[in-house]
Structure formats: C-alpha cells, structure tokens
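Commentary on secondary and tertiary structure
Here's the letter readout for the chains.
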Amino acid sequence: MSTPLEDRPESWPVTESAGLTDTGWVVDLRKDLVLRPGGDGEEPFARLVLEHPGAVIVLAVDDGDRVLCLVQYRHAAGRRFVELPAGLLDGPEDEKPLEVARRELREEAQLDAEEWTPLGTTWSSPGISEEVMHLFLARGLRTVDRGDFVLQHEEADMETLWVPFEELRAAVLDGRVGDGPLVQAVLLAAAKGLVGRGTSEAAT
C-alpha cells in the first residue's frame with residue numbers, strides 16, 4: 001500500500017469565506033468556496049462548515065467496573081439518550097482537553113479521578129463539522145462538590161445511572177444505546193483491554 005493508513009492534515013485553497021450565522025453561542029455556520037488542488041480551470045465549489053470548539057467525553061469507571069452514565073433529553077434528536085459526562089472546549093484557548101474533562105466530570109457527576117487515560121480523538125462529522133472529540137477513561141473516582149455550577153435546562157432534568165461495563169457494552173452492541181461518543185468510548189476501552197473482560201490479561 002503506497003498511501004499510509006492514517007489521517008493527515010491538509011488544507012485546500014479557499015477563495016471566499018462568509019459567516020452565515022451569528023448565534024452568540026458556541027457554534028456558527030459559514031460558507032467556504034473551495035478550490036481542488038490540481039483542478040486547473042475548475043470553478044470553486046461551496047462547502048458549509050459548522051464551526052465548533054470541540055468537546056471532551058469521560059468514561060468514568062469505579063472499582064467495580066461500573067460506568068457513570070447520564071440519561072438526558074436531546075431536543076434536536078427528539079430522544080432521551082444514555083450518555084457519558086461531556087462538555088465543550090469553549091473556555092480559554094490554552095485550556096487543555098484534560099482540564100475540561102476534569103471540570104465536566106466534577107460539574108455533571110460530582111466526581112474527580114486519580115487516573116486519566118486518553119482513549120482516542122475522533123471527528124464527529126468531518127464532512128460538515130469542525131468538532132473534534134477527545135475521549136478519556138477516568139479511574140480512581142472520588143466524590144467531590146460541583147462548586148458554584150448550577151444544572152440548568154436539560155441538565156436540570158438529567159438522571160444518573162451506574163451501569164456495569166459489560167452490560168453497557170452489550171447495550172452498545174445490540175443497539176439499545178446509540179449516543180456516538182458513548183459508543184466510541186466503550187468500544188475503544190474494551191478493544192484496548194482497559195475495562196471489562198480481558199483487562200487483566202491486556203495489562204500483563
């Protein structure tokens with residue numbers, strides 16, 4: 001195989017870029033006119049880009065291999081999802097994903113962790129969105145106070161569940177739960193032998 005089996009940075013020329021929305025929130029939509037390299041004489045083509053700061057997702061697992069799950073209503077999908085603690089990278093530019101993950105776990109689940117293991121970095125929908133998701137495994141959990149953070153809107157209606165990891169993995173595999181970040185985190189942790197069956201063997 002002459003082409004490396006890996007994603008790589010690349011940027012095609014943009015002849016024009018225009019913001020289509022100004023939401024005042026964390027996401028906006030813009031329209032780029034893009035030129036294909038080597039496409040001499042071709043006209044630029046339009047692509048819409050959802051501007052997104054990125055996100056973190058935390059697979060928090062206790063000493064009994066139970067996962068802290070949140071059950072939350074999502075208006076866009078018209079569905080209540082089983083999810084993991086997560087949040088946006090919408091703070092200072094120099095704030096690291098791990099710092100955001102710690103904060104989100106504290107604010108949403110009132111937990112902190114001694115051990116943090118990166119599970120992977122994925123792009124949620126690169127055909128249209130800039131969103132990059134950073135997934136972490138958190139171990140050595142302890143209860144903490146969420147400080148002055150106040151749950152609002154959908155979060156105020158959130159349910160909390162402790163689910164055995166293998167039960168959660170089974171729910172992923174048979175389609176009972178379908179939140180993308182949860183599915184990715186669970187399958188990555190299992191495939192890497194970090195949680196669930198085969199954990200001790202993978203660690204030796």
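Residues numbered from 1 in each chain as written. Predicted model: local features only at pLDDT ≥ 70, side-chain atom pairs only at ≥ 80, totals over all residues. Heavy atoms only, no water.

Description of the layout of surface pockets
Put simply, the rule is: Grid points spaced at 1 Å over the protein atoms alone were grouped into cavities, where a 1.4 Å probe fits but cannot get out, and pockets, open sets with protein on both sides within 12 Å along at least five of seven lines, with lining residues defined by an atom within 4 Å of a point. Grid points are joined across faces, edges and corners, and a volume is the space filled by probe spheres set on the points. Secondary structure follows DSSP: runs of H or I at least 4 residues long count as helices, runs of E at least 2 residues long count as strands, and numbering of each begins at the N terminus. The classification used treats Ala, Val, Leu, Ile, Met, Phe, Trp, Tyr, Cys and Pro as nonpolar, Asp, Glu, Lys and Arg as charged, and all other residues, Gly among them, as polar.
For the largest pocket, the calculated volume is near 1300 Å³. Together, 38 residues line the largest pocket, and W25, H52, R74, G87 and L88 are the ones closest to its centre. With four residues, strand β5 (residues 66-74) is the single largest residue contributor to the lining of the largest pocket. Of the residues belonging to the lining of the largest pocket, the class tally is 19 nonpolar, nine polar and ten charged.

Remarks on the confidence of the model for the protein
For any part of a model where pLDDT is low, the fine detail of the predicted coordinates should not be relied upon. Filter applied, for reference: The predictor attaches a confidence to each residue, called pLDDT, with possible values from 0 through 100. Here a residue-residue contact requires only that any non-hydrogen atoms of the pair lie within 4.5 Å.
Counting all residues, the mean pLDDT for the protein is 91, and 94% of those residues have values of 70 or more. Across residues 200-204, where pLDDT falls below 50, the model places two contacts with residues more than four positions away in sequence or in other chains.

Quick notes on helix α2 (residues 165-173)
Note the threshold: Accessible area is worked out with a 1.4 Å probe on protein chains only. A residue is then buried under 20% of its type maximum, exposed over 50%, and partly exposed in between. Taking the helix axis as origin, the arc is that swept by the directions to the C-beta atoms.
For α2, every residue scored as buried is listed here: F165, L168, R169, A171 and V172. Taken down its axis, α2 places every buried residue within 160° of arc, on the same side. Where α2 is buried, its residues meet β4 (55-60), β5, β10 (159-164) and α3 (180-191). One or two positions beyond α2, positive phi appears at G175, with a value near 85°.

Section: the sheet that holds strand β1 (residues 14-19)
As a reminder, the rule being used: One bridge is not enough; two strands pair if DSSP finds at least two bridges between them. Fitted lines through C-alpha atoms serve as axes, helices being fitted only where they are in contact, and the angles separating the N-to-C directions of these axes extend from 0 to 180 degrees.
Taken in spatial order, the three strands make up an open sheet running β1-β2-β3, and their pairing is antiparallel. Each end of this open sheet is capped by a strand with a single partner; those strands are β1 and β3 (45-51). Taking each pair of neighbouring strands and ignoring which way they run, the sheet shows an average axis angle of 25°. As defined by bridge partners, strand β2 (residues 28-34) adjoins β3 across seven bridges and the pair is classed as antiparallel. Note on β3: the bridge partner recorded for D28 is E51.

Focus: the packing of aromatic side chains
The criterion, for reference: Stacked, tilted and edge-to-face are the three classes assigned to paired rings of Phe, Tyr and Trp, where Trp is represented by its six-membered ring and a pair needs centres within 6.5 Å; plane angles under 30 degrees give stacked, over 60 edge-to-face, the rest tilted.
This structure, assessed with the given rule, holds two aromatic pairs. Judged by centre distance (6.3 Å) and plane angle (80°), the rings of W116 and F136 are edge-to-face. Here the residue W116 occupies a position in strand β8 (residues 111-123), and F136 occupies one in strand β9 (residues 132-143), the gap between them amounting to 20 residues. Neither W116 nor F136 differs from the other in exposure class; each is buried.

Section: the pattern of salt bridges
Rule in force here: Definition used for salt bridges: Asp or Glu carboxyl oxygen within 4 Å of a side-chain nitrogen of Lys or Arg.
The tally for this structure, following the rule as stated, stands at 13 salt bridges. The salt bridge partner of D174 is R176, with a shortest N-O separation of 3.0 Å. One connected set of salt bridges, linked through shared partners, spans R30, D32, E51 and E130.

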